[in-house]
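# Coordinate analysis (summary)
Listed below are the residues making up each chain.
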Amino acid sequence: MSRLIVVSNRVPVPTAGEKAGGLAVVLHDLLARRGGLWFGWSGDIADNAEHDTAPAIVEEGGVQYATINLTPDEYQGYYANFSNATLWPLIHSLPEQISFDRHSLHVYRTVNARFATTLKDMIRPGDVVWIHDYHLVPLAAALRTRGVQVPIGFFLHTPFPSPDILSTIPEAATFLRQLMQADLVGFQTSHDAQNFVACVERLAGGETAGNNVVTCGGRTVHVGAFPVEIDAPGFARTAAEESDTTAIRRFSESLLGSTLMIGADRMDPTKGIRRRINGYRSFLDKHPEWQERVTFLQVAASSRQDVEIYKSLREELERLSGALNAELAMPAWTPLRFVTRPVARAHLAGIMRTARVGLVTPLRDGMNLVAKEYVAAQDGDDPGVLVLSRYAGAAAQLKDALLVNAFDGDEVADAIHRALSMAREERRRRWEANWHVISSRTPLMWGESFLDALLQARGSGAA
Ligand code: ADP
């Protein structure tokens with residue numbers, strides 16, 4: 001079996017007493033099986049970082065973790081500005097939110113080049129390289145320029161935009177050609193893969209060459225959809241165990257008999273939290289009989305506060321949630337609980353289980369794991385209803401959710417009403433269909449299927 005090299009912006013180096021969560025666990029497992037190396041940024045900022053030639057290496061369970069630091073200027077230009085303030089809104093099709101400056105683009109490229117220079121010396125013949133996410137779009141090309149010939153796969157955890165959107169940034173074609181230096185480019189959904197192919201055709205002069213294959217400038221690249229999965233039975237177990245704790249019982253009592261709806265997101269402009277609160281507001285206006293009988297808990301973890309649009313989003317949501325409560329609350333009823341302090345993962349799972357409605361309404365999302373977690377957390381005998389945006393990648397799989405246009409506040413309001421009023425039989429039928437989808441796949445299957453496809457792509461003559 002080939003040795004695996006995973007590259008991502010941040011490396012979750014295992015430390016004593018601290019367990020990684022989510023996808024990191026799967027990548028650790030894949031690396032441990034094959035023996036391998038995980039390379040990327042340490043998460044630390046150091047003034048003289050660009051002079052460090054050797055990465056810091058930690059070895060744990062047969063896996064090497066190699067990290068480099070960033071300088072303050074690199075952090076700002078590569079991470080805060082270009083990755084999070086330019087690429088993130090771009091790939092989520094929110095062009096109005098994009099800020100762009102040439103200096104940050106330059107720093108983004110410089111950091112990717114530095115990654116490539118450091119990583120190149122650690123790659124051996126027979127290795128397979130798997131690059132993750134939008135921070136590292138130029139990396140495959142930067143490795144090829146430095147003579148790296150081993151198979152390279154690139155997986156984008158976010159959506160991929162249409163040609164009209166992608167072309168709003170300068171040098172869009174360059175980004176496409178850089179991605180084309182990988183052998184396999186993977187996405188969350190086939191819709192994202194189709195957008196990529198359309199971009200290569202329209203903006204970079206490429207052509208499709210059969211199913212899931214695109215050629216451009218002498219390169220042949222495979223594309224595919226590899227939806228990220230959760231450990232559904234594991235999450236279900238956590239939710240069930242947690243719901244039996246004093247903490248969750250006290251929480252339930254605090255609702256004073258009202259029905260619970262839950263939203264849980266990082267506080268991010270793509271998550272549609274503002275429109276969601278407005279949708280809830282119009283639901284309460286249209287259906288006043290639900291006042292005092294429903295509580296909406298929105299857990300919104302503070303995120304990326306060094307990026308301007310995130311700071312102003314936070315202020316706007318604080319105002320909006322305050323205004324809703326100021327207008328509608330009663331001495332014994334708070335219509336909206338807006339929580340920005342961290343909530344422990346297990347506690348959140350327990351809360352999800354007690355919520356009759358899960359409101360997951362991003363304006364655009366690569367997958368949205370909260371949607372899958374909400375389904376996993378339910379008691380199958382008396383499950384809650386998932387209201388899910390059509391613009392989340394998860395909507396391609398969770399077809400039995402109440403699918404809504406997250407931009408249309410009236411539709412969100414109607415879906416809330418329908419979900420709150422839904423008979424148990426229909427709730428069960430919908431939940432069972434969605435549970436079947438998430439419980440028949442595992443995160444490990446996701447990782448293995450990407451790596452299989454990468455080796456096949458290479459075997460069939462790409463590169
Ligand atoms: P993203 O990766 O864009 O943040 P996802 O929905 O795909 O969105 O994944 C978010 C993860 O973080 C999920 O596992 C979810 O349970 C967790 N999470 C989201 N919001 C919170 C919160 N407010 N508190 C604790 N965990 C959260």
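A quick note: this is a predicted structure, and the numbers were derived from the prediction, not measured. (Residues numbered from 1 in each chain as written. Predicted model: local features only at pLDDT ≥ 70, side-chain atom pairs only at ≥ 80, totals over all residues. Heavy atoms only, no water.)

## Some thoughts on the overall build of the protein chain
In terms of helices and strands, the protein chain carries 16 helices and 16 strands. Against the compact-globule benchmark of 23 Å for 463 residues, the protein chain has a radius of gyration of 23 Å, which places it among compact chains. Referenced to the eigenvectors of the C-alpha coordinate spread, the extents of the protein chain come out at roughly 70 × 50 × 40 Å. Taking all 463 residues of the protein chain together, the buried fraction comes to 55%. Considering only residue pairs separated by 6 or more positions, the protein chain has 77% of its internal contacts joining residues 24 or more positions apart. (Helix = DSSP H or I, 4+ residues; strand = E, 2+ residues; numbered from the N terminus. Rg over C-alpha atoms; globule rule 2.2 N^0.38 Å. Buried < 20%, exposed > 50% of the residue type's maximum accessible area, 1.4 Å probe, protein only. Contact = heavy atoms within 4.5 Å.)

## Here we look at the site of the ligand
The immediate surroundings of the ligand are formed by 13 residues, with Arg 266, Lys 271, Val 299, Leu 369 and Glu 373 found nearest. Contact distances for the ligand include 3.3 Å between an oxygen atom and a side-chain N or O atom of Arg 345. Taking Glu 373, its side chain carries an N or O atom lying 2.5 Å from an oxygen atom of the ligand. Burial of the ligand by the protein chains amounts to 76% of its free accessible area of 570 Å². Looking at the shell around the ligand, the elements with two or more residues in it are β11 (259–266), β12 (294–301), α12 (345–354) and α13 (369–377). Of the residues that constitute the shell around the ligand, the class distribution is seven nonpolar, one polar and five charged. (Near = heavy atom within 4 Å. Polar contact = N/O pair within 3.5 Å; in protein donor to acceptor, adjacent residues only side chain to side chain. Areas by Shrake-Rupley, 256 points an atom, 1.4 Å probe, with all protein chains shown as cover. Nonpolar A, V, L, I, M, F, W, Y, C, P; charged D, E, K, R; others polar.)

## With respect to the environment of Val 148
Take Val 148: it is sitting in the loop between α4 (139–145) and β6 (152–155). Along the chain, Val 148 and Ala 182 lie 34 residues apart, while their C-alpha atoms are 11 Å from each other. Ignoring sequence-local partners within four residues, the contact set of Val 148 consists of Lys 120, Ile 123 and Leu 143.

## Re the packing of helix α10 (residues 273–286) against helix α11 (residues 308–328)
One way to put it is that α10 packs onto α11 with a least axis distance of 10 Å and a crossing angle of 10 degrees. In terms of orientation, α10 lies roughly parallel with respect to α11. Judged by residue contacts, Ile 273, Arg 274, Ile 277, Asn 278, Tyr 280, Arg 281 and Leu 284 of α10 engage Glu 316, Leu 317, Leu 320, Leu 324, Glu 327 and Leu 328 from α11. (Axes fitted to C-alpha atoms, helices over the stretch in contact; angles between N-to-C directions. Parallel < 35°, antiparallel > 145°, perpendicular 65-115°, else oblique.)

## So, the pairing of strand β4 (residues 63–70)
Along a regular strand, successive side chains alternate from one face of the sheet to the other. In terms of residue burial, β4 counts as a mostly covered element, since six of its eight residues are buried. Pairing between strand β2 (residues 36–45) and β4: seven bridges, direction parallel. When the sheet's bridge partners are listed, Trp 38 is paired in β4 with Tyr 65. In terms of strand pairing, strand β3 (residues 56–60) meets β4 through five bridges, oriented antiparallel. For Glu 59, the partnering residue across the bridge sits in β4 and is Gln 64. (Pairing = 2+ DSSP bridges.)

## Some details on the sheet that holds strand β10 (residues 219–225)
Across the sheet, which stays open at both edges, the ten strands sit in the order β3-β4-β2-β1-β5-β6-β7-β10-β9-β8 with mixed pairing between neighbours. Edge positions in the sheet fall to β3 and β8 (207–208), since each has one partner strand and no second. Contacts from helix α1 (residues 23–34) reach β1 (4–10), β2, β4 and β5 (128–132) within the one sheet, and its direction differs from that of β2 by about 140 degrees. Sheet contacts for helix α16 (residues 443–459): β1, β5, β6, β7 (184–187) and β10; angle to β5, the most-contacted strand, approximately 125 degrees.

## What about the domain arrangement of the protein chain?
By domain assignment, the protein chain separates into domain 1 (4–229 + 443–459) and domain 2 (232–439). For domain 1 versus domain 2, the distance between C-alpha centres works out to 31 Å. Counting residues at the interface gives 18 residues for domain 1 and 18 residues for domain 2. When domain 1 packs against domain 2, close to 1600 Å² is buried across both sides, 60% of that on carbon and sulfur atoms. If you look at where domain 1 meets domain 2, you find one salt bridge. In this structure, Lys 372 engages Glu 229 in a salt bridge whose closest nitrogen and oxygen atoms are separated by 3.0 Å. Applying the counting criterion to the domain 1 and domain 2 interface returns seven residue pairs in polar contact (both at pLDDT 80 or more). Class assignment for the residues of the side of domain 1 that touches domain 2 results in nine nonpolar, eight polar and one charged. (Domains from an automatic or database assignment. Buried area = accessible area lost by both parts, 1.4 Å probe. Salt bridge = Lys/Arg side-chain N within 4 Å of Asp/Glu carboxyl O.)

## Digging into the packing of α13 against helix α15 (residues 424–439)
Where α13 contacts α15, the axes come no closer than 10 Å and their chain directions differ by 115 degrees. Here α13 runs over α15; the crossing is left-handed. Residues Lys 372, Val 375 and Ala 376 of α13 pack against Trp 431, Asn 434, Trp 435 and Ile 438 of α15. Classifying every residue of the contact of α13 with α15 gives five nonpolar, one polar and one charged. (Left-handed = near helix turned anticlockwise from the far one by under 90°.)

## A short note on the sheet that holds strand β14 (residues 357–360)
Taken together, the six strands give an open sheet; going across it, the order is β13-β12-β11-β14-β15-β16, and neighbouring strands pair in parallel fashion. The sheet terminates laterally at β13 (336–339) and β16 (402–404), the two strands that pair on one side only. The average angle at which neighbouring strand axes cross in this sheet is 20 degrees, direction not considered. Across two bridges, β11 lies against β14 in parallel orientation.

## Some details on the packing of aromatic side chains
Within a pair of aromatic rings, the relevant descriptors are the distance that separates the centres and the angle that separates the planes. According to the stated counting rule, one finds 25 aromatic pairs in the structure shown. Here the aromatic rings of Phe 39 and Phe 115 are separated by 5.3 Å at their centres, their planes lie at 70 degrees, and the arrangement is edge-to-face. Linking Phe 39 in strand β2 with Phe 115 in helix α3 (residues 102–120), this pair joins segments that are 76 residues apart in sequence. Among the residues examined, Phe 39 registers a relative accessible area of 0% and is labelled buried. With a centroid separation of 6.3 Å and an interplanar angle of 70 degrees, the aromatic rings of Phe 82 and Phe 100 are classed as edge-to-face. Highlighted residues: Phe 82 in helix α2 (residues 72–91) and Phe 100 in the loop between α2 and α3, separated in sequence by 18 residues. For Phe 100, a relative accessible area of 29% puts it in the partly exposed group. Taken together, the ring pairs in this structure connect Phe 39, Tyr 78, Phe 82, Phe 100, Tyr 108, Phe 115 and Phe 175 into an aromatic cluster. The ring of Trp 41 has Arg 10 lying over it, and the distance from NZ or CZ to the ring centre is 5.4 Å. Sitting above the plane of the Trp 290 ring, Arg 293 keeps its charged end 4.1 Å from the centroid. (Phe/Tyr/Trp six-rings, centres within 6.5 Å; stacked < 30°, edge-to-face > 60°. Lys NZ or Arg CZ within 6 Å of the ring centre and 35° of its normal.)

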